[in-house]
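Next come the chains, spelled out residue by residue.
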Amino acid sequence: MKGRPELYTSYGQDMAFLNTRPKRAWSGGLVVVALLMPFLITDDLLQLLATGFVAAIGAIGLNIVTGFAGQVSLGHAFFLAIGAYTGAALSGSETGRVIGFGITSLPIWLLASGLVAALFGVLVAPVAVRLRGLYLAIVTLGLVFLGEHVFREWTSLTGGPGVGRPAAIPELFGVRLDRDNAMFTAAQQLYLVMFVLLVIFGVLARNLVRSRVGRAFAAVRDRDLAASVIGVDLTKYKVLAFAVSSFYAGVAGALLFVMNGFFDPGSFSLLLSVQYIAMVLIGGAGTISGAIMGALFITLLPRITRELPAVLPFISGDATGGITVFQVEAVLYGVLIIVFLIVEPRGLFGIWVRVRNYWRTWPFSY
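The structure presented is a predicted model; accordingly, all values stated were derived computationally and were not measured.

Mind showing me how you'd approach the side chain of Ser-113 here?
Secondary-structure assignment places Ser-113 in helix H5 (residues 106-130). Here the side chain of Ser-113 touches Gly-83 through a polar contact of 3.2 Å, landing on its backbone oxygen. A polar side-chain atom of Ser-113 sits 2.7 Å from the main-chain carbonyl oxygen of Trp-109. Beyond its immediate stretch of four places on either side in the chain, Ser-113 contacts Gly-83, Thr-86, Gly-87, Gly-250 and Ala-254.

How should I be thinking about the nonpolar core in this particular structure?
A general trend in soluble globular proteins is that nonpolar side chains are found buried together. Grouped together as the largest cluster of nonpolar side chains are 94 residues, with contacts concentrated most on Ile-57, Trp-109, Met-194, Tyr-248, Leu-255 and Tyr-276. A per-element tally of this core places helix H11 (residues 234-260) first, with 16 residues. When neighbours within four sequence positions are excluded, Leu-255 is seen to be in contact with Val-54, Ile-57, Trp-109, Leu-110, Met-194 and Leu-197.

What's the story with the layout of surface pockets in this structure? I'm lost.
Gaps left between atoms are located by rolling a probe of water-molecule size over the structure's atoms. Taken as a whole, the largest pocket encloses approximately 1700 Å³ of empty space. What lines the largest pocket is a set of 42 residues, and nearest its centre among them are Leu-18, Trp-26, Ser-27, Leu-30 and Ser-289. For the lining of the largest pocket, the secondary structure elements donating two or more residues are helix H2 (21-36), helix H3 (43-68), helix H8 (186-209), helix H13 (288-305) and helix H16 (347-361). Of the residues contributing to the lining of the largest pocket, the split by class is 27 nonpolar, seven polar and eight charged. Contributing to the lining of the second largest pocket are 22 residues, with Asn-260, Leu-272, Gln-275, Pro-302 and Tyr-333 lying nearest its centre.

Explain the packing of aromatic side chains to me, please; I cannot follow it from the model alone.
The full count for this structure, using the stated rule, is 13 aromatic pairs. Plain terms: the ring middles of Phe-39 and Phe-184 are 6.4 Å apart, the flat faces sit at 50 degrees to each other, and that makes the pair tilted. Separated by 145 residues along the polypeptide, Phe-39 in the loop between H2 and H3 and Phe-184 in the loop between strand E2 (175-176) and H8 bring together distant segments of the chain. A residue is classified by how much of its surface remains accessible, and Phe-184, at 24% relative accessible area, is partly exposed. Between Phe-53 and Phe-195 the ring centres are 5.7 Å apart and the planes differ by 55 degrees, which places this aromatic pair in the tilted class. Within this pair, whereas Phe-53 is found in helix H3, its partner Phe-195 is found in helix H8, the two being separated by 142 residues in sequence. Each of the two residues, Phe-53 as well as Phe-195, counts as buried.

Got a minute to help me understand the pattern of salt bridges in this structure?
The full count for this structure, using the stated rule, is seven salt bridges. Linking Asp-178 and Arg-176 is a salt bridge whose minimum nitrogen-to-oxygen distance equals 2.9 Å. Between Glu-344 and Arg-346 there is a salt bridge, with its nearest N and O atoms 3.8 Å apart. A relative accessible area of 7% means that Glu-344 is categorised as buried. One network of salt bridges, with partners in common, ties together Glu-344, Arg-346 and Arg-354.

Would you explain the environment of Phe-120 in this entry?
With respect to the element layout, Phe-120 can be found in helix H5. Classification of Phe-120 by relative accessible area gives partly exposed; the value is 32%. A C-alpha to C-alpha distance of 18 Å links Phe-120 and Ile-60, two positions 60 residues apart in sequence. Excluding residues within four positions of it along the chain, Phe-120 makes contact with Phe-78, Phe-79 and Ile-82.

Just checking my understanding: could you explain the confidence of the model for the protein chain for this structure?
Any residue range with low pLDDT should be treated as having predicted coordinates unsuitable for detailed reading. Summary statistics for the protein chain give a mean pLDDT of 86 and a share of 95% for residues scoring 70 or more. Helix H1 (residues 11-14) is the least confidently modelled element of the protein chain, averaging 68 in pLDDT, while H3 averages 94, the highest of any element.

Criteria and cut-off values
- Starting afresh in each chain, residues are numbered from 1 along the sequence in its written order.
- The predicted nature of this model means local features are confined to residues of pLDDT at least 70 and side-chain atom pairs, given and counted, to a pLDDT of 80 or more, with totals for whole chains, interfaces and linings taken over all residues.
- Excluding hydrogens and water, the side-chain values take into account all heavy atoms of the structure.
- Put simply, DSSP marks the helices as runs of H or I at least four residues long and the strands as runs of E at least two long, and each gets a number from the N terminus on.
- Polar contact is the term for a pair of N or O atoms within 3.5 Å; when the atoms are in protein, one must be able to donate a hydrogen and the other to accept it, and sequence-neighboring residues count only if both atoms are side-chain atoms.
- In this analysis, two residues are considered to be in contact whenever any of their non-hydrogen atoms come within 4.5 Å of each other.
- Residues belong to one nonpolar core when they are buried, are Ala, Val, Leu, Ile, Met, Phe, Trp, Tyr or Cys, and are joined through side-chain atoms within 4.5 Å.
- Burial classification: accessible surface area is computed with a 1.4 Å probe over protein chains only, and a residue below 20% of its type maximum counts as buried, one above 50% as exposed, and the rest as partly exposed.
- Here the term cavity refers to a set of points on a 1 Å grid, laid over the protein atoms alone, in which a 1.4 Å probe fits but cannot get out; the term pocket refers to an open set having protein on both sides within 12 Å along at least five of seven lines, with lining residues being those that place an atom within 4 Å of a point.
- Grid points are joined across faces, edges and corners, and a volume is the space filled by probe spheres set on the points.
- For this classification, the nonpolar set comprises Ala, Val, Leu, Ile, Met, Phe, Trp, Tyr, Cys and Pro, the charged set comprises Asp, Glu, Lys and Arg, and every other residue, Gly included, is treated as polar.
- Centre distance within 6.5 Å is the pairing criterion for rings of Phe, Tyr and Trp, where only the six-membered ring of Trp is used; planes under 30 degrees apart are then read as stacked, over 60 as edge-to-face, and the remainder as tilted.
- In the sections that follow, a salt bridge refers to a side-chain nitrogen of Lys or Arg positioned within 4 Å of a carboxyl oxygen of Asp or Glu.
- Per residue, pLDDT measures the predictor's confidence, with a range of 0 to 100.

Shown next, in the form of structure tokens:
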């Protein structure tokens, strides 16, 4: 109502996707700024932001199973690898040195990447029904090492360690998105496509967690025994959480392969899983916006650390020095996770909420 923005007269108004005028204004403004970015910044920054958007899709998936459903998973890198190699195999050349089926249409191989990863998620999910906490984390951690071994040995699919294989071909309506054309550069095209996909998957996830399924996830997370007593089917919703999370991971893996252009079996290691855990915890567990914030933060972090050798001479910019920027990055992931868990458990999203609430009540912020 006019002058009373938080006074709702129906349940539908209260549950609307963007239920206040400031939310609609902020969301519209962010979309406009994002759409103008390709014409304002350089291609290398566009490439970095596009990679951040893809990482955000994967982080949203991990947040669904861990932040909303409460199932600790350290095996996200495994599902990313499943999606990456599924997309690459489907779109690869039929006459190449590795498996390929020549299906270059982006919607087809992207959907297939998500579905194959979701299938593996469903196969793993029965373990989640019987285990929880640390035991579940150890089992999902085992998937990463199992996947590394399988992909290292399956050279006809992955190309082998140190060799790799070409990424999936991003072709949409007959247009190669990884090549410049008369209107847009490759970086601009990929940026816009990845942004649109992030919006689609973000909205779908937001609607999912606001639905009956999302409320069941929250009940399982808060106390699975109590959830079972009130009629929540634990097996059904844990399997569903892993399936949805794995689908998002598969999609993100295929798109990450496209953005980076090269992966070998060693790329999908425990460190990649830790990066995604960091995205969720630093951004804010249990929030879609927090997952996006955390993914963009972690994606942009290496760009900042790469500048450290110019400021701190004892840090080396290559892998042969004493203390390298790669070691600094790995340490920073752990340090940032610890700091945010102690200082601000709600992550970057929690900081944003505190700032927003302060200015909403200013000058009576006390």
